[in-house]
Amino acid sequence: MTPSLLPAMTTTTPVPHASSSATVMSLITRATTELAASGIEDARREARLLLEIAFGMTTGWQLGHGDSVIAEPDLFLSLVARRTRGEPVAYLAGKQGFWTLDLAVSADTLIPRADTETLIETLLAHRPQREAVRSVLDLGTGTGCLLLAALSEYPHATGIGVDRIPAATALAAANARTNGLAERCSFIVSRWDDAISGRFDVVLSNPPYIPGCDIPDLMRDVIDYEPLSALDGGADGLDDYRVLMPALTRLLAPGGLAVFEIGIGQDKTVPELGRSAGLRVADIRSDLGGHPRAVVFTL
C-alpha cells in the first residue's frame, strides 16, 4: 500500500457538521483501545504507526499536532480494523525494511525478518573482501531480500533468485528495480535448483523449516496471512534441507560457501544432513536473540 497524501487539516476544533472528521489524538485513542482489545501488544505505538502508513504523519508530527483534524479518517480506520484481525503491519504498509533495503511485500511471500539478516552478517564475516564474490544464488528468494542484500554489499557480483511461486519472483524483480540492482540479477520460477546449472561463489537460502505439528502454534499474524508453503518444513521441519544439501555439491564453485537459515533446535540436525551429503560445516552463527540461525557449508 502506498501511503496516502495528507488530507486537509486544521489545528482548530472539528467542524460540527463534519461528523466523520476527528482529531489526531482522538483517532489514536480510539485505535489504541480497539487494537489492545484484539490482543495487539504496544497498541498505542501500533496506532501511531498505522496513522503514518495511512497519511504519512510521522510519530514526531503526531505528538506535536494532536488537536489537528483529519477530515476523512476512513483509510486509517480500515487499517486499524484489518490489524485487529491480525493482518501483519508489513502487509498493511506494503513494504518492509531489510538490511539497508526497502522492499515491497505481499501475501505471496514471507515478510523479511531481522533474524534472517544474520545470514548476510555471516556472509560478510566469511567474505570480507567485497571483490571476492562474483556470483550468488538465492534458493527460495521470496521478496529477494537475501540476494539483493548480498548484491548491495558485493558490487562486482551478479545473482539468480529462484522461487516456485511466479508472483514471488515478480515481486523480487520489482524490488531489484526499486533498489537499483535489476541489471545484476535475474529471477527464475523453479522448484529449488531444478532449473539451475553452473556453480556459484555463494548460495543463500531460508527454506521452510517449521515442523508441521508446530504450525498451529504460530502467531495468528503468521498462520492466517503468510504463505504456508514458505513455513511448513514437513513432519520434522527438515524436508527441504534433505533436498538442498546434496544439491550444494554441484552448485558450489571451488572455494564457494553456502549460508542457510535454520530454526530453533536445528543446529545439530541440519549440519549433520550437510555432512552426510559430503559438505563441511564451516560455521554456525546465532541471531541477536542468541539462537543458532545461520549455518555455513563448504565443499
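Before any of the text, the structure's been laid out above.
Starting from 1, residues in each chain are numbered consecutively following that chain's sequence as written. Local features in this predicted model are restricted to residues of pLDDT 70 or higher, and side-chain atom pairs are both shown and tallied only at a pLDDT of 80 or more, whereas totals for entire chains, interfaces and linings draw on every residue. Note: side-chain values were computed over all heavy atoms of the structure, leaving out hydrogens and water.

Caption draft 1: Expanded view of the packing of helix H1 (residues 24–37) against helix H2 (residues 43–55). Note on geometry: axes are C-alpha line fits, over the in-contact stretch for helices, and angles between N-to-C directions span 0 to 180 degrees. Counting from the N terminus, the helices are DSSP H or I runs at least four residues long and the strands are E runs at least two residues long. Two elements in contact, H1 and H2, have axes separated by 8 Å at closest approach and are oriented at 125°. It follows that H1 is oblique to H2 by the angle criterion. Crossing of H1 against H2: the hand is right-handed. In this structure, H1 contributes Val 24, Met 25, Ile 28, Thr 29, Ala 31, Thr 32, Leu 35 and Ala 36 to the contact, and H2 contributes Ala 43, Arg 44, Glu 46, Ala 47, Arg 48, Leu 50 and Leu 51. For this classification, the nonpolar set comprises Ala, Val, Leu, Ile, Met, Phe, Trp, Tyr, Cys and Pro, the charged set comprises Asp, Glu, Lys and Arg, and every other residue, Gly included, is treated as polar. Tallied by class, residues from the contact of H1 with H2 come to ten nonpolar, two polar and three charged. Throughout, the term roughly parallel applies to angles under 35 degrees, roughly antiparallel to angles over 145, roughly perpendicular to angles from 65 to 115, and oblique to all others. For any pair of crossing helices, the crossing counts as left-handed if the nearer helix is rotated counterclockwise from the farther one by less than a right angle, and right-handed if it is rotated clockwise. Residue contacts are counted whenever heavy atoms from the two residues lie within 4.5 Å of one another.

Caption draft 2: Representation of the nonpolar core in the model. Counting residues in each nonpolar core, the largest one holds 30 residues, and the members touching the most others are Ile 120, Val 136, Leu 148, Phe 187 and Leu 204. Elements represented by at least two residues in this core include exactly strand E4 (101–104), helix H6 (117–126), helix H7 (145–153), helix H8 (166–178), strand E7 (185–189), strand E8 (200–205), strand E9 (252–261) and strand E11 (292–298). No other element matches the seven residues that H7 contributes to this core. Filtering out sequence-adjacent residues up to four positions away, Ile 120 remains in contact with Phe 98, Trp 99, Leu 146, Ala 149, Ala 150 and Leu 204. We call a set of buried Ala, Val, Leu, Ile, Met, Phe, Trp, Tyr and Cys residues a nonpolar core when their side-chain atoms join them within 4.5 Å. For each residue, the accessible area found with a 1.4 Å probe, counting protein chains only, is set against the maximum for its type, and the residue is called buried under 20%, exposed over 50%, and partly exposed in between. Counting residues in hydrophobic clusters, the runner-up holds 29 residues, among them Leu 137, Ile 160, Leu 248 and Leu 252.

Caption draft 3: Expanded view of the packing of aromatic side chains. Only Phe, Tyr and Trp rings are paired, with Trp represented by its six-membered ring, and only when their centres lie within 6.5 Å; those with planes under 30 degrees apart are stacked, over 60 edge-to-face, the remainder tilted. One pass over the full model with this rule turns up two aromatic pairs. Ring geometry for Tyr 241 and Phe 260: centres 6.5 Å apart, planes at 45°, overall tilted. Highlighted residues: Tyr 241 in helix H10 (residues 239–251) and Phe 260 in strand E9, separated in sequence by 19 residues. Owing to a relative accessible area of 0%, Tyr 241 belongs among the buried residues under this scheme. Ring geometry for Phe 260 against Phe 297: centres 6.1 Å apart, planes inclined by 85°, an arrangement best described as edge-to-face. One end of the pair, Phe 260, is in strand E9; the other, Phe 297, is in strand E11, with 37 residues separating them in the sequence.

Caption draft 4: Expanded view of the layout of surface pockets. Residues are called lining when one of their atoms sits within 4 Å of a cavity or pocket point, these points coming from a 1 Å grid over the protein atoms alone, where a cavity is a set in which a 1.4 Å probe fits but cannot get out and a pocket is an open set with protein on both sides within 12 Å along at least five of seven lines. Grid points are joined across faces, edges and corners, and a volume is the space filled by probe spheres set on the points. Taken as a whole, the second largest pocket holds about 170 Å³ of empty space. For the second largest pocket, the full set of lining residues is Gly 39, Ile 40, Glu 41, Glu 46, Arg 83, Met 219, Arg 220 and Asp 221. Here the residues of the lining of the second largest pocket sort into two nonpolar, one polar and five charged.

Caption draft 5: Layout of unusual backbone geometry. Positioned with a positive phi, Asp 42 is a non-glycine residue whose angle comes to about 50°. Position of Asp 42 among the secondary structure elements: in the loop between H1 and H2. For Asp 42, a relative accessible area of 48% gives the class partly exposed.

Caption draft 6: Up close: H6. With respect to burial, H6 is a largely interior element, seven of its ten residues being buried. Among the residues making up H6, those that are buried are Glu 117, Thr 118, Leu 119, Ile 120, Thr 122, Leu 123 and Leu 124. For H6, the elements touching its buried residues are strand E3 (95–98), H7, E8, E9, strand E10 (280–286) and E11.

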